[in-house]
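# Descriptive structure summary
This is what each chain is made of:
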Amino acid sequence: MQCVIPWQTFIVRANGLVIPCSNGFVKGDHDNCVIGDANTQTLKEIWDSETFKNWRQRHIDWDFAGTICASCDRWKMGAVYDDEIRDGMRIKHTAIFEVYSRLEIEGEETSHVFG
């Protein structure tokens, strides 16, 4: 399973530079992972840019050498495990959170997310 972040979001820093993920802050390498500049490009231009397309392709190819992704394990966030039914609740597990849905007699569910 690959990281889903490049297909879902990016971060615009206070100075307008755009990075693909918050790992750019965590890893302290935020200047080497800039994928755009919101001061000179629209967000759509950045999203559709060759730079961001190349970033996504590197994820498809598992080619993380020299990137903030090299030591990252956030791709596990996309993992989904089997649901569990316990105490009148359906529990959907992922690598980082659980969704609890109360099973109603009518078959409807009410969901709550706990992380």
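First, a word on what this report is: a plain description of the structure on this page. What you see as residue numbers is a count from 1 along each chain, following the sequence as written. It should be noted that, the model being predicted, local features are given only for residues of pLDDT at least 70 and side-chain atom pairs only at 80 or more, the latter also being counted only at that level, while totals for whole chains, interfaces and linings use all residues. To obtain the side-chain values, all non-hydrogen atoms of the structure were included, while hydrogens and water were left out.

### Observations concerning the environment of Gln8
The way it works is that DSSP assigns letters per residue, a run of H or I at least four long becomes a helix, a run of E at least two long becomes a strand, and they are numbered from the N terminus. Position of Gln8 relative to the elements: it lies in the segment before β1 (11–12). For the pair Gln8 and Trp47, spaced 39 residues apart in sequence, the C-alpha separation works out to 9.9 Å.

### Thoughts on the side chain of Ser49
By the secondary structure assignment, Ser49 is in the loop between α2 (43–47) and α3 (50–60). Any pair of nitrogen or oxygen atoms within 3.5 Å is treated as a polar contact; in protein, a donor-acceptor pairing is required on top of that, and neighbouring residues in sequence qualify only through side-chain atoms on both sides. Looking at Ser49, its side chain comes within polar contact range of the main-chain oxygen of Ile46, at 2.8 Å. Within the local environment of Ser49, its side chain forms a polar contact with the backbone nitrogen of Phe52, the two atoms lying 3.1 Å apart.

### Describing the sheet that holds strand β3 (residues 36–37)
Strand pairing is defined by DSSP finding a minimum of two bridges between the two strands. One open sheet accounts for 3 strands, arranged β1-β2-β3; its pairing is antiparallel. Among the strands making up the open sheet, the edge pair consists of β1 and β3. By the bridge criterion, 2 bridges tie β1 to strand β2 (residues 17–19) in an arrangement that is antiparallel. What sits directly across from Ile11, in β2, is Ile19.

### Concerning the pattern of salt bridges
Criterion for a salt bridge: a side-chain nitrogen of Lys or Arg within 4 Å of a carboxyl oxygen of Asp or Glu. This structure, assessed with the given rule, holds 4 salt bridges. Here Asp48 and Lys44 are joined by a salt bridge, their closest N and O atoms 2.5 Å apart. Residue burial is assigned from relative accessible area. The probe radius is 1.4 Å, only protein chains are included, and a residue is buried under 20% of its type maximum, exposed over 50%, and partly exposed in between. Judged by its relative accessible area of 34%, Asp48 is partly exposed. We classify Lys44 as exposed; its relative accessible area is 61%. For Arg58, the salt bridge identified is with Asp63, shortest N-O distance 3.5 Å. Residue Asp63 is classed as partly exposed on the basis of its relative accessible area, which comes to 34%.

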